[in-house]
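Here are the chains, one letter per residue:
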Amino acid sequence: MGISRNILLWASRNEYLKIHVHKMNFVQKAVKRFMPGETVEDAIQATRELLKHKIPTTFTHLGENITTLTEAETNTQHYLDLLDKINRESLDIEISLKLTHIGLDLSFEKTLILFSNIAEKASALNNTVFIDIEDSSYLDKTINFYKRIKEEHNNVGICLQAYLFRTMDDLKDLMAIDPWIRLVKGAYKEPPSIAFRKLTEVNENYLALSKFLLQQISARNIRVAFATHDLILQEHIKNESKSLGLDKAKIEFQMLYGIKTSEQYKLASDGYKIRTLISYGEHWYPWYMRRLAERPANVGFVLNNIFSN
Ligand SMILES: Cc1cc2nc3c(=O)[nH]c(=O)nc-3n(C[C@H](O)[C@H](O)[C@H](O)COP(=O)(O)OP(=O)(O)OC[C@H]3O[C@@H](n4cnc5c(N)ncnc54)[C@H](O)[C@@H]3O)c2cc1C
């Protein structure tokens, strides 16, 4: 892991920077590259554009690690209202959220109730909810949470990270409940005792996990989304799925808004499923710093905005 990535991940957790960087005009302008705007309407407008290219979306309302259950309830209500709005607009938009945004730091049981309300509403409206995966200190809790939720709700998926050594074991364990999985490389700073450090190792593990998941797709009633912008990995996944005789329409990729957009269009026009995750909301600072850490060259883009109008 490069020093610049470490610094950016450290900055993502720094409260002083969070307050001050958030207010800087040139940073706000740069954020627009990854986020169409702070409001649901901005995200809906971006969805309409993507749908012209047959690309549906997933919405995430930014925020994490809240400190009161009142905030957890407010955030839950936001998602309930959002589901209604999506239904009224008849748009293909799923939702994805962080459990700490609806209270996981405060009460497991209360978060379970709040999430169940969201999953139930989503199910009634024929929609889907994914659980984002946060840093490894939340992993056991999040997986246990997912198992509890799956007892009652089938329309829920979980994200897992290829940079962790344990992910293959987690996947094998979860197969018993026919999970819906979104596979990512992983966006947090993790210690070398539990996570691969070198990108080549992370990529190798991502590929091994993908192969395992592709085999499971034909054997079980699971849904898998390969969430990566790594075009080499995407090619491997396409080839592997071909050799397993899987239909293109069964292979789902997911990518983030504003990253490799032309490749997203190409996946759609080539007949693969592709869904774009759009984040919105005022609390973009830690999320945005993680996006910069994924590609420290993006910092240059921020700096350019100091000089442009
Ligand atoms: C739909 C989706 C959901 C996600 N959910 C989670 C989650 O719940 N938990 C979690 O830990 N992580 C999540 N992530 C983030 C993920 O873990 C990675 O940090 C991120 O996707 C970058 O990894 P990559 O697979 O694209 O590979 P990389 O090797 O990082 O990138 C491959 C190529 O894509 C381009 N690229 C990647 N990121 C950027 C960027 N920010 N800006 C510009 N170019 C870029 C670069 O050209 C790079 O060479 C999610 C990612 C996606 C796409």
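Our subject is the structure that appears above.
Residues numbered from 1 in each chain as written. Predicted model: local features only at pLDDT ≥ 70, side-chain atom pairs only at ≥ 80, totals over all residues. Heavy atoms only, no water.

Draft legend 1. Quick look at the site of the ligand. What surrounds the ligand is a group of 27 residues, the closest being Lys185, Gly186, Thr228, His229 and Glu294. At a separation of 2.8 Å, a nitrogen atom of the ligand approaches a polar backbone atom of isoleucine 133. A distance of 2.7 Å is found between an oxygen atom of the ligand and a side-chain nitrogen or oxygen belonging to histidine 229. Starting from 930 Å² of accessible surface for the ligand in isolation, the protein chains cover 88%. Those elements giving two or more residues to the shell around the ligand turn out to be strand 4 (156-161), strand 5 (180-184), strand 7 (252-256) and helix 12 (285-294). (Near = heavy atom within 4 Å. Polar contact = N/O pair within 3.5 Å; in protein donor to acceptor, adjacent residues only side chain to side chain. Areas by Shrake-Rupley, 256 points an atom, 1.4 Å probe, with all protein chains shown as cover. Helix = DSSP H or I, 4+ residues; strand = E, 2+ residues; numbered from the N terminus.)

Draft legend 2. Representation of the packing of aromatic side chains. The final tally for this structure, using the stated rule, is six aromatic pairs. Plain terms: the ring middles of phenylalanine 165 and phenylalanine 196 are 4.8 Å apart, the flat faces sit at 80 degrees to each other, and that makes the pair edge-to-face. Residue phenylalanine 165 is located in the loop between strand 4 and helix 8 (167-174), and its partner phenylalanine 196 is located in the loop between strand 5 and helix 9 (199-219); the two are separated by 31 residues in the primary sequence. For the pair phenylalanine 253 and tyrosine 272, a centre-to-centre distance of 5.9 Å together with 70 degrees between the ring planes defines the contact as edge-to-face. Within this pair, whereas phenylalanine 253 is found in strand 7, its partner tyrosine 272 is found in the loop between helix 11 (261-269) and strand 8 (273-280), the two being separated by 19 residues in sequence. For the pair formed by phenylalanine 253 and tyrosine 272, the shared burial category is buried. Here a set of aromatic residues connected by ring pairs shows up, and it is made of Phe108, Phe115 and Phe145. Here the guanidinium or amino end of lysine 172 rests over the ring plane of phenylalanine 212, the centre of that ring lying 6.0 Å away. Lying over the aromatic face of tryptophan 180, arginine 223 brings its terminal NZ or CZ to 5.6 Å of the ring centre. (Phe/Tyr/Trp six-rings, centres within 6.5 Å; stacked < 30°, edge-to-face > 60°. Buried < 20%, exposed > 50% of the residue type's maximum accessible area, 1.4 Å probe, protein only. Lys NZ or Arg CZ within 6 Å of the ring centre and 35° of its normal.)

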